[in-house]
Structure formats: C-alpha cells, structure tokens
Amino acid sequence: KRLAAPQSPLARISGPPKEHWLKGNLHKLFKDGLTYNLALQEEFGGAVRIYGLFGEEQLYVSDPLALQHIVGRDQHIYEETDMFIMGNKIILGEGLVSTLGEQHRKQRKMLNPVFSFANMRVMLPIIAPIADKLRARLLEQLPSDGSHQVNLLPWISRGTLEYICQAGLGYSFNALEPSQKHEYTEAIKSLAPTFLRILLLRPLVPVVVRNFSLYWRNKLVDWLPIAPLKELRRLVLVMDRCCRDIFVEKKRTFSRRASGGNQEANTVGERDVGARMMDKDIMSILLRANASSSQADRLTESEILGQMNTIVFAGFETTTTATCRILHILATNPDVQNRLRREIRQGKLEYRASQGLSDEHGWEDVHLPYDSLMALPYLDAVVRETLRVHPPTSLLGRTTRQGTTLPLSRPVRSTSGEEITSIAMPSGTNVIISILAANHNKEVWGPDASVWRPERWLNSSGERFGANSTSQAVATDNDDIKYPGVYASMMTFLGGGRACIGFKFAEMEMKQVIASLISVMHFSPPEMGTEGYKIYWRMDGLQVPVLRSPTGIDAEAQLPLSIRLVRDTDFAI
Ligand code: HEM
C-alpha cells in the first residue's frame, strides 16, 4: 500500500464509474451523449470526476463560479490542450484557434474590432440577398398546389457557406448552385466528417509534431495504411491553395485601390459578390486594419492566411446546425411559428412605411436594417432560447498549465460524503467545460431549465429586457451563480479572451435567414409513414439531426421538413 502512487486531488471528487479501460467515460460523453451529459450534472453537481483515455482523471465542469475562473480570471492557467492547438495549426494554419498566449492576444486585438456592431451593420446587406436566394431555391422545389418534403440540412449548409465566404472572404463560391461544385467548399464540408474518422489518433498529434519534421510527417501519412488520414491531408492542401489564391488576389486589388488605380474586381468569385459589397468583408477590413497598425501589432501574412480557413470553418457547421434546430422547433411548434411570422411581418411593414415605400414593394421582400432586425423581441427570444437549450458546441477541453485551486459556487460531495467547496488542480489536469450542463443548470435558469420556453427572455408585455439583460431568464441575483458568457449570460459562445469572436455574426445570420424564410414559407414535420421514424438530434461533436426508427439510428445527417407557401391563417395567434 505504501508503494502505491499518491492519490490525485480529483480522486476525492464524486463521479461515474470508469466505463471502459481505454476510453474511460469519453465515449459516453462524446458519442450520442446528451442524456449522459445532463445526468452527470443532475447526479453529481457542477464539478464531476470523470475518466479520460487510459483512465486518466479529468474534471467535468458546469459550476458558474468555477467557469468564471476557467474562462475569465485564471484563463492564462486553463489553456487549450497541445493536441487542440497543434491539430488546428496543421489543418487551418496560424489562425485564432491555433495560437496561445501573447500571439493569440495580438490576433484578438486586431480581429475584435473587425467583428464590431458597426461592421455587422455593413455586412447584413451582404447576407440578406443570399438568404433570399436560398428561399428562392427552396420555393423552386414546391409544386404549384401543395406542400413538399425537403431535406433542409444541405440547403441550410450551402446558404451558411455562402454567407460566411461572401461576408468573411469577400468571395462567392456559388454554393447555392448545387451544379457548381467548388473544391474549396467541398473540402470545408468534408473536413469535420473526415476528422471524426481519425479522432482516436488526435492524442498522438503533439508527439508527432514535436518529433518529426514536415518531410517525415508527410512520409508517415504516405506509409500508414489509414485512408482518412490521406484524405485529410488532401483537404488541407486544397483549402490552403484556395485561400492563398484568394489572398493573393485580395492583396493585389487592395494595393491597386490604395494607389488610386482601377476599382474593378479581378476574379469571378470577387465579381459574384457584387460591386456594392466590395471591400466590406471581414478579410478586407482586416487587411486595412493590419496595414494601418503599428509594426508591433501587425499580423504576418501567414497569420492573416490562417484566419481565412479558421473563420470559415468555425462559422460553418455551428451556424448550420443552430439554424436547422430553429427551423425544426418552428415546424413542431406552429403557434410559435405563427407568432414569429406575425412579428416579422409587422416589423417589415413598419420599416417599409418609415421609408416611404409603396405597397408595390411586397413586405416579404423588405430587408430590415441591422438594428431593426436585432430589435424584434420574439425573434430574439426564439434564437436565444434555442442557443441556450441546444448549444451547437456542447463540450470544450482545457488543461491547467500550472497548479491552482478551483473554487465552486455550490459544494459537491466527495467520494466519502464530505462537502467540497474548492478543488486542488495540479498542473496538467484536463478539464471538460460542459456548455450543455451550464445552459441546463436549474439553479441559474430555474426548475424548467431544460424546457424550451422563449418567454423567459420577455416581460409580460412581450418586450425583451434591456439590450444584454437576462434579468428574468436568470433565476438568481447572486453574482457567484452567474455564467461569464459573452452572449446573454449563457455559455453557448463561451466567455473571456477566447470567446467566440463571431457570435454577433452568427446571431445576425440566423435571424436574417429565419426572417427571410418564414415570411413566405410554412414549415411542418414531415410525413414519416407508419414505420415510426423520428427526427432525432444526436450529440457527438456537434448536435446533428438524423432519423431514428424503432430499429436504430441512421448515420446520415438530415433534416426532412414539409414546406408550403404561407397562407393567411399562418399569422394567427
Ligand atoms: C451558432 C454559431 C456558433 C457557435 C455556437 C460558436 C461557438 C463557439 C465557441 C464555443 C467557441 C470557443 C471554442 C474554444 O474555446 O475552444 C468559439 C470560438 C470561435 N468562433 Fe464561434 N461559434 C459560432 C459561430 C461562429 C461564426 C459565425 C464565426 C465566424 C464568423 C465564428 C468564429 C469563431 C472563432 C474564430 C473562434 C476562435 C476564437 C478564439 O479562440 O479566439 N464562430 N465559437
């Protein structure tokens, strides 16, 4: 007994038994893990000891005060793991998700202003016509006299790619023209599924990066008989080449304009964005900011290049699944859908009148400006509540870079039944931030925390609380029991120095798409026949819609919904 290794501080914390000798509890958490994740918080509280690979003890955290420390006060201690940073660097380049410490801070300093409200106002007119084009593509599929079942997932996904590429890169890949496949958008779409197939190799990344040069890494990929690894390398090369081409063109256009030369776009992709929107995209704003900043703050070319793939990748699947989730909820809640449509119609009618436009301009086609769109209270409540109950990214990893102590707002029980109010965290302890459990915490959101109820964001007259206020939605005044999230006090977009930089963009995009689609289209659940099929949201890495039958769950992600044109009765509440 005396020779046994000293017990780690986490061994005292209660948690589930080890489920597998190799995978610990990880497969339960990350493979269709919604129920398992929520049960952990219910049973053990805001800090739970779980087992990682080879039984390594980790801390699973949803406690508000602990998260204030992890993403806020002590964020320099709780950093991304080497596996995450190095893996991202290989795949996406030297962007925000691949850097730590001073380099990351420098990149954020340059990029934060790019995602300001002022720039969102400028970018909304890039997105609005694309959402209308998506709507037109869906309407084309409708028979003249009835409803039609459409798998919305690929369409929402094409729309999202087009918004982020046009607004992010200032480049159109015509993603809403399925006949015009582009190798860049195909690569971005294949990236996450390919990566998931070799997820178990991820822990080896730091060892390989530290011990093998690029030449030998390439040789390894050649020699190893692992097809998804070779495919991943191909995708990375395609993304890198396409981004470099766009970047070179952008720089050329940029310096030509700076010297007062020709204002025309050079490439088809640039021209397709339309002259009106030229130079208003994220990369153009970044290039201008970079050129006018001091030498010490300036990003290198490779850092700018790295942001291109990072922004497109980070903004793609997350926003796609969130938009799909909203549409699915609207389809299954016709009253909510009607109320929302009514509010949008009212908002557009008022704006049309304020601009002195005649009735000839159909209200459905009116584009609300940024501030009016953001101010629609019910739309805001529907988006907030969906992002709270169903956060697209549910779990994030961190590791302690030095020893520290983690305080808790509510004590948890030790394995021998004592109360624990703070936890000693040795250097190198792996932490899982549970965005999902935090967003479902009954102490913060009330006993109906897991119920989707948009009214929690509204007062009794249906108005929303002050701009960022969550006073009614949050069931407590105690600051220790509040989450440090950047968006509506929830953890969906995280908080602190590594919070989602694109959250305003995502919010704007989702609101615009929903407003555009439901102005003219009605959504309802699909006919599933007699075999008992249901749409089921599987939580692996992201939350993804699939079909579930009594005999099992389909592997293929899909969101089949019935759509038809809106009728007068679809505004009734
Ligand atoms: C509903 C949609 C979205 C969700 C739920 C979401 C969520 C998140 C979360 C949780 C993080 C923190 C990740 C971590 O620390 O490991 C993050 C980071 C990030 N997100 Fe988003 N995101 C969304 C949309 C977007 C969009 C549209 C963009 C770009 C326009 C974007 C760009 C980024 C970037 C660049 C980071 C890295 C920030 C950094 O490390 O400094 N995201 N996002």
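Numbering of residues starts from 1 in every chain and runs along the sequence as written. Selection of residues for local features in this predicted model requires a pLDDT of at least 70, selection of side-chain atom pairs for listing and counting requires 80 or more, and totals for whole chains, interfaces and linings are taken over all residues. Where side-chain values are given, they derive from all heavy atoms of the structure, hydrogens and water being excluded.

Asks: Got a minute to help me understand the sheet that holds strand β8 (residues 430–434) in this structure?
Replies: Note: strands within a sheet are paired through backbone hydrogen bonds, in either parallel or antiparallel orientation. Reading across the sheet, the five strands line up as β1-β2-β8-β5-β3 and stay open at both edges, with mixed pairing between neighbours. Every interior strand has two partners, whereas the edge strands, β1 (47–51) and β3 (78–79), have only one. Strands β1, β2 (57–61), β5 (395–400) and β8 of the sheet are contacted by helix α2 (residues 34–44), whose axis makes an angle of about 125° with β1. One requirement defines pairing of two strands: DSSP has to find at least two bridges between them. For the purposes of this entry, the term helix denotes a DSSP run of H or I that reaches at least four residues, the term strand denotes a run of E that reaches at least two, and both are numbered from the N terminus. Any pair of residues with heavy atoms lying within 4.5 Å of one another is described as a contacting pair. Every angle, taken between N-to-C directions, lies between 0 and 180 degrees, and every axis is a line fitted to C-alpha atoms, over only the stretch in contact when it is a helix.

Asks: Can you walk me through the domain arrangement of the protein in this structure?
Replies: One widely used convention gives an interface's size as the accessible area the parts lose upon coming together. As assigned here, the protein comprises domain 1 (7–92 + 391–445) and domain 2 (110–386 + 506–564). As used throughout, domain bounds are those supplied by an automatic or database domain assignment. If you average the C-alpha positions of domain 1 and of domain 2, the two centres end up 30 Å apart. At the junction of the two partners, domain 1 supplies 22 residues and domain 2 supplies 28 residues. Interface area, domain 1 with domain 2, both sides summed: about 2100 Å², of which 65% is carbon and sulfur. Salt bridge, as applied in this entry: a Lys or Arg side-chain nitrogen positioned within 4 Å of an Asp or Glu carboxyl oxygen. Linking domain 1 to domain 2 there are two salt bridges. In this structure, the salt-bridge partner of D540 is K31, at a minimum N-O distance of 3.7 Å. In protein, a polar contact means a hydrogen-donor-capable atom and an acceptor-capable atom, both N or O and within 3.5 Å, with residues adjacent in sequence counting only if both atoms are side-chain atoms; elsewhere, any N or O pair within 3.5 Å suffices. Put simply, domain 1 and domain 2 have seven residue pairs in polar contact (both at pLDDT 80 or more) between them. At the level of elements, α1 (26–30), α2 and α4 (82–92) are the ones that each hand at least two residues to the side of domain 1 that touches domain 2. What gets called buried area is simply the loss in accessible area from a 1.4 Å probe that two parts show on being joined, summed for both.

Asks: Just checking my understanding: could you explain the nonpolar core for this structure?
Replies: Nonpolar side chains in soluble globular proteins tend to end up buried together. Nonpolar cores are built from buried Ala, Val, Leu, Ile, Met, Phe, Trp, Tyr and Cys residues. Side-chain atoms within 4.5 Å join them into one set. Three labels apply to residues, based on accessible area from a 1.4 Å probe with only protein chains included: buried if under 20% of the type maximum, exposed if over 50%, partly exposed otherwise in between. Residues Y184 and F523 are the most contacted members of the largest nonpolar core, which totals 139 residues. The dominant element in this core, judged by the number of residues it contributes, is helix α14 (residues 301–332), at 13 residues. Per-domain counts for this core show at least three residues from each of domain 1 (7–92 + 391–445) and domain 2 (110–386 + 506–564). With sequence-adjacent residues up to four places away left out, F523 is seen in contact with L152, L327, L330, A331, Q337, L517, I518, L561, S562 and I563. Core analysis: the next-biggest nonpolar cluster, separate from the first, contains 13 residues, L40, F44, I432 and L436 among them.

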